[in-house]
Amino acid sequence: MDVEAAGCVVVRAGREGPEVLLVHRPATATRAADWSWPKGKLEDGEHPAVAAVRETAEETGLRVHLGVALPEQGYRVPGGGPGGLRKRVRYWLARPAGPADEDAVEPADAGEISEVGWFGWRAARELLTYPADVAVLEAALPAGELPPATWPLVVLRHARAVRRTDWPGGAEGEASRPLLDRGHAQARDLAPLLGCFDLRALLTSPWARCVQTVLPAAELTGLPVQEEPALTEHAFRADPDAARAVVGHLLDAARPVVVCSHGPVLPDLQAVLADRAEDRRVRTQVSGKLDKAALLVAHVTGRGAAARVVAAQRHEV
């Protein structure tokens with residue numbers, strides 16, 4: 001794809017029904033004026049989810065947390081020859097990150113955004129300039145109804161570490177085997193991505209490579225790091241039920257956290273989530289293998305026995 005962009009459909013509960021956040025872009029030499037979603041191009045090396053949050057904040061002044069992914073758009077824009085450039089825009093459903101009384105918005109530079117506002121579903125449908133944006137609205141708020149609120153449970157595989165064969169101490173030294181320089185770079189790249197979601201803590205195996213993977217996120221977001229011994233490889237071999245129970249307890253408590261662990265442990269953790277997914281496609285998405293420094297975001301409704309995984313996304317850096 002020639003041009004990559006990302007944006008958000010930000011929703012909130014208004015007095016007369018759901019509302020969405022729209023921006024008005026003034027006309028330029030190459031583009032007509034329009035009402036559309038907060039969005040913009042990715043910066044070099046930037047993850048689309050991070051770009052969606054950043055662009056929304058830059059264009060509207062509002063900090064948001066991401067929910068489920070929405071249909072992406074693909075179209076051509078001027079430049080690059082007679083046929084133009086191919087552009088892809090990826091969208092997420094999002095909600096304001098702060099309390100309701102902090103939902104005030106203001107336009108960015110008037111040369112880029114001339115107006116920002118909250119609009120009800122019908123008003124937004126009439127204002128949106130492009131049919132493709134109307135389709136995104138209908139996917140975000142089917143029949144004009146606010147979708148059920150979800151909370152994120154993130155399963156993360158640690159970043160690239162020193163190979164077992166290159167680390168002294170054999171099995172006894174596994175707990176201290178650290179990340180490679182490449183792994184530390186991956187951990188730094190993971191930090192803003194994890195910051196896109198409404199999380200409360202970073203729950204991790206106490207082994208060095210897992211703790212080092214989540215530390216940059218802790219420094220960026222201020223989230224606490226909590227070590228869970230049941231998530232180590234040794235503990236899992238001795239008692240796999242204890243590792244699975246970690247995820248079960250999180251579902252019971254509706255506790256939105258990151259769970260960082262090891263390759264041999266993750267399939268069992270993911271299986272607990274897959275058992276809570278009623279849609280076959282979601283179960284498939286939840287169950288696949290995670291590469292190093294890759295994460296699975298399970299979007300969950302409810303808690304306890306009623307907790308259900310209704311959507312899932314995979315991301316890697």
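Higher on the page you've got the structure.
Structure report, in brief. Bear in mind that the values here come from a model prediction, so they are computed numbers and not experimental data.

## Considerations on the overall build of the protein
Moving on, step 1. A count of helices and strands for the protein gives nine helices and 13 strands.
Moving on, step 2. Computed over C-alpha atoms, the radius of gyration of the protein comes to 21 Å, within 12% of the 20 Å expected from 2.2 N^0.38 for 317 residues, which places it in the range of a compact globule.
Moving on, step 3. Projected onto its principal axes, the C-alpha positions of the protein cover 65 × 45 × 35 Å.
Moving on, step 4. Sorting the 317 residues of the protein into buried and exposed places 50% on the buried side.
Moving on, step 5. Considering only contacts in the protein between residues 6 or more positions apart, those separated by 24 or more positions represent 69%.
Moving on, step 6. Approximately 14700 Å² of the protein is accessible, and the part contributed by carbon and sulfur atoms is 51%.
Moving on, step 7. Charge-centre separation for the protein: the mean point of 37 positive side chains lies 5 Å from the mean point of 42 negative side chains.

## What about helix 7 (residues 240–253)?
Moving on, step 1. The end-to-end C-alpha distance of helix 7 is 21 Å, a good match for the 20 Å that 14 residues give at a rise of 1.5 Å each.
Moving on, step 2. The set of residues buried in helix 7 consists of A243, V246, V247, G248, L250 and L251.
Moving on, step 3. Among the structural elements, strand 8 (151–157), strand 9 (201–204), helix 6 (233–238), strand 11 (257–261), helix 8 (266–274) and strand 12 (294–301) are those in contact with the buried residues of helix 7.
Moving on, step 4. A254, located one to two residues past helix 7, shows a positive phi value of around 55 degrees.

## Re the packing of helix 8 against helix 9 (residues 280–287)
Moving on, step 1. In the contact formed by helix 8 and helix 9, the axes pass within 8 Å of each other and the chain directions differ by 165 degrees. As summarised for this structure, helix 8 and helix 9 are arranged roughly antiparallel, according to the angle between their axes. As helix 8 runs across helix 9, the sense of the crossing is right-handed. The residues of helix 9 that touch helix 8, namely those facing Q270, L273 and A274, are R283, V286 and S287.
Moving on, step 2. Across the contact of helix 8 with helix 9, the residue classes tally to three nonpolar, two polar and one charged.

## Regarding the side chain of Q73
Moving on, step 1. The topology assignment puts Q73 in strand 5 (residues 64–77).
Moving on, step 2. Judged by relative accessible area, Q73 falls into the buried class, the value being 9%.
Moving on, step 3. At 2.6 Å, the side chain of Q73 and the side chain of D133 are in polar contact.

## Considerations on the sheet that holds strand 8
Moving on, step 1. Strand order in the open sheet made by the six strands is 10-9-11-8-12-13, with mixed pairing throughout. Two strands bound the open sheet, and with one partner strand each, they are strand 10 (225–227) and strand 13 (308–316). Adjacent strand axes in the sheet meet at a mean angle of 20 degrees when their direction is disregarded.
Moving on, step 2. Relative to strand 10, strand 9 runs parallel, the two being bridged by three bridges. Directly across from L202, in strand 10, lies its bridge partner V225.
Moving on, step 3. The strands touched by helix 8 are strand 8, strand 11, strand 12 and strand 13; relative to strand 8, the strand with the most contacts, the crossing angle is about 160 degrees.

Scoring rules and cut-offs
All chains use their own residue numbering, which begins from 1 and follows the written sequence. For this predicted model, a pLDDT threshold of at least 70 governs which residues receive local features, and a threshold of 80 or more governs which side-chain atom pairs are given and counted, while totals over whole chains, interfaces and linings are taken from all residues. The side-chain numbers reported here are obtained from all heavy atoms of the structure, hydrogens and water having been left aside. Under the scheme used here, helices are H or I runs from DSSP no shorter than 4 residues and strands are E runs no shorter than 2 residues, and both carry numbers assigned from the N terminus. The size measure is the radius of gyration over C-alpha atoms, and the globule rule it meets is 2.2 Å times the number of residues to the 0.38 power. Throughout this description, buried means an accessible area under 20% of the type-specific maximum (1.4 Å probe, protein chains only), exposed means over 50%, and partly exposed covers the range between. Here a residue-residue contact requires only that any non-hydrogen atoms of the pair lie within 4.5 Å. Surface exposure here means Shrake-Rupley accessible area, sampled with a 1.4 Å probe, where a residue is shielded only by the protein chains that are shown. Charged residues are defined here as Lys and Arg on the positive side and Asp and Glu on the negative side; His and the ends of the chain fall outside this count. Charge coordinates come from a single atom per side chain, which is NZ of Lys, CZ of Arg, CG of Asp or CD of Glu. Expected helix span is taken as 1.5 Å per residue step, with the number of steps being one fewer than the number of residues. Between N-to-C directions, angles cover 0 to 180 degrees, with each direction set by a line fitted to C-alpha atoms, over the stretch in contact for helices. Working rule for angles: under 35 degrees goes down as roughly parallel, over 145 as roughly antiparallel, 65 to 115 as roughly perpendicular, anything else as oblique. Here is the rule for handedness: rotate from the far helix to the near one, and if that takes an anticlockwise turn smaller than a right angle the crossing is left-handed, while a clockwise turn gives right-handed. By the convention adopted, Pro, Cys, Tyr, Trp, Phe, Met, Ile, Leu, Val and Ala count as nonpolar, Lys, Arg, Asp and Glu as charged, and the other residues, Gly among them, as polar. Polar contacts here mean pairs of N or O atoms no more than 3.5 Å apart (in protein, one a potential hydrogen donor and the other a potential acceptor; neighbouring residues in sequence count only if both atoms are side-chain atoms). Two strands make a pair as long as DSSP finds a minimum of two bridges between them.

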